[in-house]
Amino acid sequence: MDRKAFLKTLALLPLTAAAMNLQDLHTVATSFKKSEKMPVLFIGHGSPMNALEDNAFTRRIKKLGEDIRQRQKPNAILVVSAHWLTRGSFVTMNERPETIHDFGGFPAELFAMQYPAPGAPAYAQQVIDMVPDLHGSDEWGLDHGTWTVLHHLFPAADVPVFQLSLDFYKTPEQHFALAAQLQKLRERGVLIIGSGNVVHNLRQSMPKLMAGDATPYDWATEFDEWVKTRIDQRDFRSLFDVQKAGASGPLAVPTPDHYWPLLYTLALADKDEPITHAFEEVSFGGLSMRTLAVG
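Q: Could you clarify how one ought to interpret the overall build of the protein chain in this entry?
A: Per the secondary structure count, the protein chain includes 11 helices and 10 strands. Taking all 295 residues of the protein chain together, 53% fall into the buried category. Within the protein chain, contacts between residues separated by at least 24 positions form 80% of all contacts whose residues are at least 6 apart in sequence. Only carbon and sulfur atoms are counted for the fraction: they give 53% of the accessible area of the protein chain, which is about 13000 Å².

Rendered as structure tokens:
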């Protein structure tokens, strides 16, 4: 980290340099040194109720978090969530990001949940310096695409977290290209997570959700398997156009917000890096919980 970047980092911290002890200064000075390359995740986050539930999915992502911590605890976590859509691309600069309950009709227990992780403004500034297309924002916190999964992945909320928005006006190709520019973060101890769903059609799923019927529609399973095959073949660019999957594509992805985070995860995979399907399930008609680990 050069002297200019170091001074910029200090300016973003909540304490002044004069008030910081030597340990604080050492932490800032060393935080951007190279680390073992962090993995990248894509989490099919599904219903916000997963934050409260103990099921096969939540147990699997809890184990993912344990494995990552044993290997190397992240310096920070960057989440690309389906639930922060913007004009332009932004990263959060909050020192203490708010837990956003961006949903309705759920139990009071869910609304009472908090994820009190600190923000990562110094890392956010590094990202802005690295990718000219990005801007800082303090108008967002941690939405449910982020905190409901981090609650299981890192339950202690002791790793700084920041979010990257999805520019609704970018093409899939542009999202993929932007994501590829974040590669250096993996070598600076930053865990990058795409949070969405490969198949996400709430309109079609709602009758089954109301009836408690977890069986998937054939078209949902077909598209989920089509995506899996493209990933296994490393044919990521075919995923830019969901209509290549046939009639199942527009049904599985009626809007792209939950699908785009997958592209961010795949764009960060090195050529020969393993991609593991950590969890596979399509339920309640048209919701895919497919979860990936790169590296």
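There is more to say after this.
Q: Just to check I follow, could you spell out the pattern of salt bridges for this structure?
A: Side chains that differ in charge, positive against negative, can pair when their charged atoms come close. Evaluation of the coordinates by the stated rule reveals 14 salt bridges. Salt-bridge contacts for aspartate 270 lead to lysine 37; the nearest nitrogen and oxygen are separated by 2.5 Å. Within this pair, whereas aspartate 270 is found in the loop between helix H11 (260-267) and strand E7 (275-279), its partner lysine 37 is found in the loop between helix H2 (22-30) and strand E1 (40-44), the two being separated by 233 residues in sequence. Overall, the relative accessible area of 28% leaves aspartate 270 in the partly exposed class.

Q: Is there a simple way to explain the pairing of strand E5 (residues 161-167) in this structure?
A: For a regular strand, side chains alternate in direction, first toward one face of the sheet and then toward the other. Counting buried residues in E5 gives seven out of seven residues, a clear majority hidden from the surface. A two-sided burial pattern is seen for E5, the buried positions comprising Val161, Gln163, Ser165 and Asp167 on one face and Phe162, Leu164 and Leu166 on the other. Taken together, the six bridges between strand E2 (residues 76-86) and E5 define a ladder with parallel strand orientation. Residue pairing in the sheet places leucine 85 in a bridge with leucine 166 of E5.

Q: What's the story with helix H3 (residues 56-71) in this structure? I'm lost.
A: Side chains that are three or four residues apart share a direction in an α-helix, a result of its 3.6 residues per turn. Spanning 16 residues, H3 covers 23 Å between terminal C-alpha atoms, matching the ideal 22 Å at 1.5 Å per step. Within H3 the residues assigned to the buried category are Phe57, Thr58, Ile61, Leu64, Gly65 and Ile68. Considered in projection along H3, the buried side chains sweep an arc of 115° and stay on one side of the axis. For H3, the capping residue at the N-terminal end is asparagine 55, with a side-chain oxygen 3.1 Å from the backbone nitrogen of phenylalanine 57.

Q: Sorry, what's going on with the layout of surface pockets here?
A: It is a probe the size of a water molecule, rolled over the atoms, that shows where empty space is left. Considering only enclosed or pocket space, the second largest pocket measures out at about 640 Å³ in volume. Breaking the lining of the second largest pocket down by element, the ones donating at least two residues are H3 and helix H8 (202-211). Counting residues per element, the lining of the second largest pocket draws most heavily on H8, at four residues.

Q: I keep staring at the packing of helix H7 (residues 172-180) against H11 and nothing clicks. Help me out?
A: Two quantities define a packed helix pair, namely the angle between the helix axes and the distance between the axes. Axis separation between H7 and H11 bottoms out at 8 Å; the angle between their running directions is 40°. Taken together, the axis directions place H7 and H11 in an arrangement best described as oblique. Taken as a pair, H7 and H11 cross one another with a handedness that is right-handed. For the pair formed by H7 and H11, the contact residues are Pro172, His175, Phe176, Leu178, Ala179 and Ala180 on the first element and Trp260, Leu263, Tyr264, Leu266 and Ala267 on the second. Considering only residue class, the contact of H7 with H11 consists of 10 nonpolar, one polar and no charged.

Conventions we followed
- Residues numbered from 1 in each chain as written.
- Predicted model: local features only at pLDDT ≥ 70, side-chain atom pairs only at ≥ 80, totals over all residues.
- Heavy atoms only, no water.
- Helix = DSSP H or I, 4+ residues; strand = E, 2+ residues; numbered from the N terminus.
- Buried < 20%, exposed > 50% of the residue type's maximum accessible area, 1.4 Å probe, protein only.
- Contact = heavy atoms within 4.5 Å.
- Areas by Shrake-Rupley, 256 points an atom, 1.4 Å probe, with all protein chains shown as cover.
- Salt bridge = Lys/Arg side-chain N within 4 Å of Asp/Glu carboxyl O.
- Pairing = 2+ DSSP bridges.
- Expected span 1.5 Å × (residues − 1).
- Arc of directions from axis to C-beta.
- Polar contact = N/O pair within 3.5 Å; in protein donor to acceptor, adjacent residues only side chain to side chain.
- 1 Å grid on protein atoms, 1.4 Å probe; cavity = no way out; pocket = protein on both sides within 12 Å on 5 of 7 lines; lining within 4 Å.
- Points joined across faces, edges and corners; volume = space filled by probe spheres on them.
- Axes fitted to C-alpha atoms, helices over the stretch in contact; angles between N-to-C directions.
- Parallel < 35°, antiparallel > 145°, perpendicular 65-115°, else oblique.
- Left-handed = near helix turned anticlockwise from the far one by under 90°.
- Nonpolar A, V, L, I, M, F, W, Y, C, P; charged D, E, K, R; others polar.

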